[in-house]
Amino acid sequence: MSLFLSRHLAIPCLRQSGPCTGVPARTGATHTLPPKRRSQIPNKHWNPLFRKERAAKFLKIELVDHEWDRKRARDEITPEEVKEKLKKMGIQPASQYNEKPLYISSTGALLDAYVPPEGDGKASLISTAGAKQVGEKVKGKGKTMSSIRKFRSYDEDFDPREWVDEALEIYIAAHRALADGEHELMHKFATEKAYPEMMNMAKRKTIRWNFIKSLEPPRVLHARHAEILSKENMFGQLTVRMNTQQTLAVYDRFGRLIHGSETVAKDVLEYVVFEKHLANIYGTWRLHAKIIPDWMPKREPGHLTYRVPSEAPPKDATEKSTGQKDDKEEDGEKESIYDRFGRILGR
């Protein structure tokens, strides 16, 4: 063995120029091999049975983050962090509060309602009542002209003397839509205040309405304007006097006439209020209300049909008749003789 080692060690010594000492020369670091490790080892239990049971032994518990609560109490958490936290917890973040837009397309009342003078259409200008009418008309003329100038600031071509023809067309279209049952079309010619008033008691009834003619040309008597909520939101109202001739007949659901007549025409004097949303560039004049003065005679009631109940006899007569019957029965029982079957044997 020693001879074998010396033989192998002598070869490098002879090759070197220096003296040979018998110790091999150190030329570099020893190369170390990395330890062999197994790769692609499946991270599974060797026994596939009871896999769910083994997983159920471990519970993931989310601990309370007290530091988060402290920061939130001190208002040190930004809204983005709160949103991220809620999203992580599976909770939908609350949406920001936004006010819903509010659109006012019509006023719910009359602006300084016009009061028709008593005896309108009957009193002459020479009489006392006619002179009072002229005086009251002059008082409110200043406000009316101011409102008309306001209307012209939105519509330069507005002229109340020419506009009354359009008002008559709107009046006829609204009433024809009501008679034909076109409720969607009524919103085009009637405001949100006039629509429920026109549709009141109109369900399950047949309406026959016809416009015959105008006895007098319609004219504007009253004009007012007002601001709703803001100065830019402007509304205008015009009161028109209409003296027309019409026919109206109303039938119930069984086809029976309950009001008016289709053949008899009547003269109708009305004070109709029209309204427009002036601030809206697409606003139109619509039927808003009708002014019914106190001095106007009441309308004729409808011819409603009903079953007449049978008249009950007076109490005194019923008491006397019952008393007489009881006396007769008692006398009959005393005088008559009955058998076991209830038959009279003799008196």
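Small disclaimer: the values here were computed from a predicted structure and weren't measured.

The rules we used
Residues numbered from 1 in each chain as written. Predicted model: local features only at pLDDT ≥ 70, side-chain atom pairs only at ≥ 80, totals over all residues. Heavy atoms only, no water. Patch = residues over 30% accessible without salt bridge, like charges linked within 9 Å, V, L, I, M, F, W, Y side chains within 5 Å. Areas by Shrake-Rupley, 256 points an atom, 1.4 Å probe, with all protein chains shown as cover. Salt bridge = Lys/Arg side-chain N within 4 Å of Asp/Glu carboxyl O. Lys, Arg positive; Asp, Glu negative; His and termini not counted. Charge placed at Lys NZ, Arg CZ, Asp CG, Glu CD. Helix = DSSP H or I, 4+ residues; strand = E, 2+ residues; numbered from the N terminus. Buried < 20%, exposed > 50% of the residue type's maximum accessible area, 1.4 Å probe, protein only. Pairing = 2+ DSSP bridges. Phe/Tyr/Trp six-rings, centres within 6.5 Å; stacked < 30°, edge-to-face > 60°. Lys NZ or Arg CZ within 6 Å of the ring centre and 35° of its normal. Core = buried A, V, L, I, M, F, W, Y, C linked by side-chain atoms within 4.5 Å. Contact = heavy atoms within 4.5 Å. Polar contact = N/O pair within 3.5 Å; in protein donor to acceptor, adjacent residues only side chain to side chain. Axes fitted to C-alpha atoms, helices over the stretch in contact; angles between N-to-C directions. Expected span 1.5 Å × (residues − 1). Arc of directions from axis to C-beta.

Undergrad: With reference to specific residues and values, describe a negative patch on the surface.
TA: Side chains of Glu-162, Asp-165, Glu-166 and Glu-169 sit close together on the surface and give a patch of like negative charge. Locating Asp-165 in the fold gives a position in helix α7 (residues 160-180).

Undergrad: Describe the pairing of strand β4 (residues 286-291), with residues and values.
TA: Most of β4 sits inside the fold, with five of its six residues counted as buried. Looking at chain direction, strand β3 (residues 257-277) and β4 are connected through five bridges and run antiparallel. The residue bridging Glu-275 from the neighbouring strand is Arg-286, located in β4.

Undergrad: Residue-level account of the packing of aromatic side chains, with values.
TA: Tallying each qualifying case throughout the model produces eight aromatic pairs. Ring centres of Trp-209 and Phe-211 lie 6.4 Å apart, and the angle between their planes is 35°; on these two criteria the pair is classed as tilted. For the residue pair Trp-209 and Phe-211, the accessibility class agrees, reading buried in each case. Cluster of aromatic residues (ring-pair linked, three or more members): Phe-151, Phe-158, Trp-163, Phe-274 and Trp-285. Note that Lys-85 overlies the ring of Trp-68, its terminal NZ or CZ placed 5.2 Å from the centroid.

Undergrad: Kindly report on the pattern of salt bridges, identifying the contributing residues and their values.
TA: All chains considered together, the criterion is met by nine salt bridges. Among the salt bridges present, the one from Lys-193 reaches Glu-197, with a minimum N-O distance of 3.0 Å. Classification of Glu-197 as partly exposed rests on a relative accessible area of 47%. Two residues, Glu-270 and Lys-290, come together in a salt bridge whose shortest N-O distance is 2.9 Å. Here Glu-270, found in strand β3, pairs with Lys-290, found in strand β4; they are 20 residues apart in sequence, far enough to count as distant.

Undergrad: Lay out the nonpolar core with the relevant residues and their values.
TA: Among the nonpolar cores identified, the biggest contains 34 residues, and Trp-163, Met-242, Phe-274 and Trp-285 are the most heavily contacted of them. Looking at this core, the elements with two or more residues in it are α6 (141-154), α7, α8 (183-189), α9 (194-199), β1 (206-227), β2 (234-251) and β3. Listed in part, the six residues of the second largest apolar core include Leu-221, Val-273, Ala-289 and Ile-291.

Undergrad: Kindly report on unusual backbone geometry, identifying the contributing residues and their values.
TA: For Asp-75, which is not a glycine, the phi torsion comes out positive at approximately 60°. Position of Asp-75 relative to the elements: it lies in the loop between α3 (66-73) and α4 (79-89). Asp-75 gets classed as exposed once you look at its relative accessible area, which sits at 69%. With phi around 50°, Asp-112 is a residue other than glycine that occupies positive phi space. Mapped onto the secondary structure, Asp-112 falls in the loop between α4 and α5 (128-139).

Undergrad: Summarise the environment of Thr-244; cite the residues concerned and give the values.
TA: As for its position among the elements, Thr-244 is in strand β2. Owing to a relative accessible area of 1%, Thr-244 belongs among the buried residues under this scheme. Sequence-wise, Thr-244 and Ser-214 are 30 residues apart; in three dimensions their C-alpha atoms are separated by 4.2 Å. With sequence-adjacent residues up to four places away left out, Thr-244 is seen in contact with Phe-211, Lys-213, Ser-214, Leu-215, Lys-266, Asp-267 and Val-268. Only 2.9 Å separates the side chain of Thr-244 from the side chain of Gln-246, close enough to count as a polar contact.

Undergrad: I'd like a description of the sheet that holds β3, backed by residues and values.
TA: Reading across from one edge, β1-β2-β3-β4 is the order of the four strands in this open sheet, with antiparallel pairing throughout. Looking at which strands have only one partner, the edges of the open sheet turn out to be β1 and β4. Ignoring which end each strand starts from, the neighbouring axes of this sheet average 30° apart. Direction of pairing for β1 relative to β2: antiparallel, over a ladder of 17 bridges. Counterpart to Arg-224 in the pairing with β2 is Gln-237. In this fold α6 packs onto β1 and β2, with an angle of close to 95° to the strand it touches most, β1.

Undergrad: I'd like to hear about α6, residue by residue, with values.
TA: For an α-helix the count is 3.6 residues per turn, leaving residues at separations of three or four pointing the same way. Over its 14 residues, α6 extends 20 Å from the first C-alpha to the last, a length consistent with the 20 Å expected when each residue adds 1.5 Å. Within α6, burial applies to Thr-144, Ser-147, Ile-148 and Phe-151. What you see down the axis of α6 is that its buried residues fit within an arc of 105°, all on one side. Within α6, the exposed residues directed more than 90 degrees away from the buried face are Arg-149 and Ser-153. On its buried face, α6 is in contact with α7, β1 and β2.

Undergrad: Lay out a nonpolar patch on the surface with the relevant residues and their values.
TA: Together, Leu-59, Ile-61 and Leu-63 line one region of the surface with nonpolar side chains, adding up to about 430 Å² of accessible area. Its location among the elements puts Ile-61 in the loop between α2 (51-56) and α3. With a relative accessible area of 66%, Ile-61 lands in the exposed category.

Undergrad: Outline α4, supporting the account with residue identities and numerical values.
TA: Burial within α4 is sparse, with just zero of its 11 residues counted as buried. Taken from the residues just after α4, Gly-90 is the one with a positive phi, measuring 85°.

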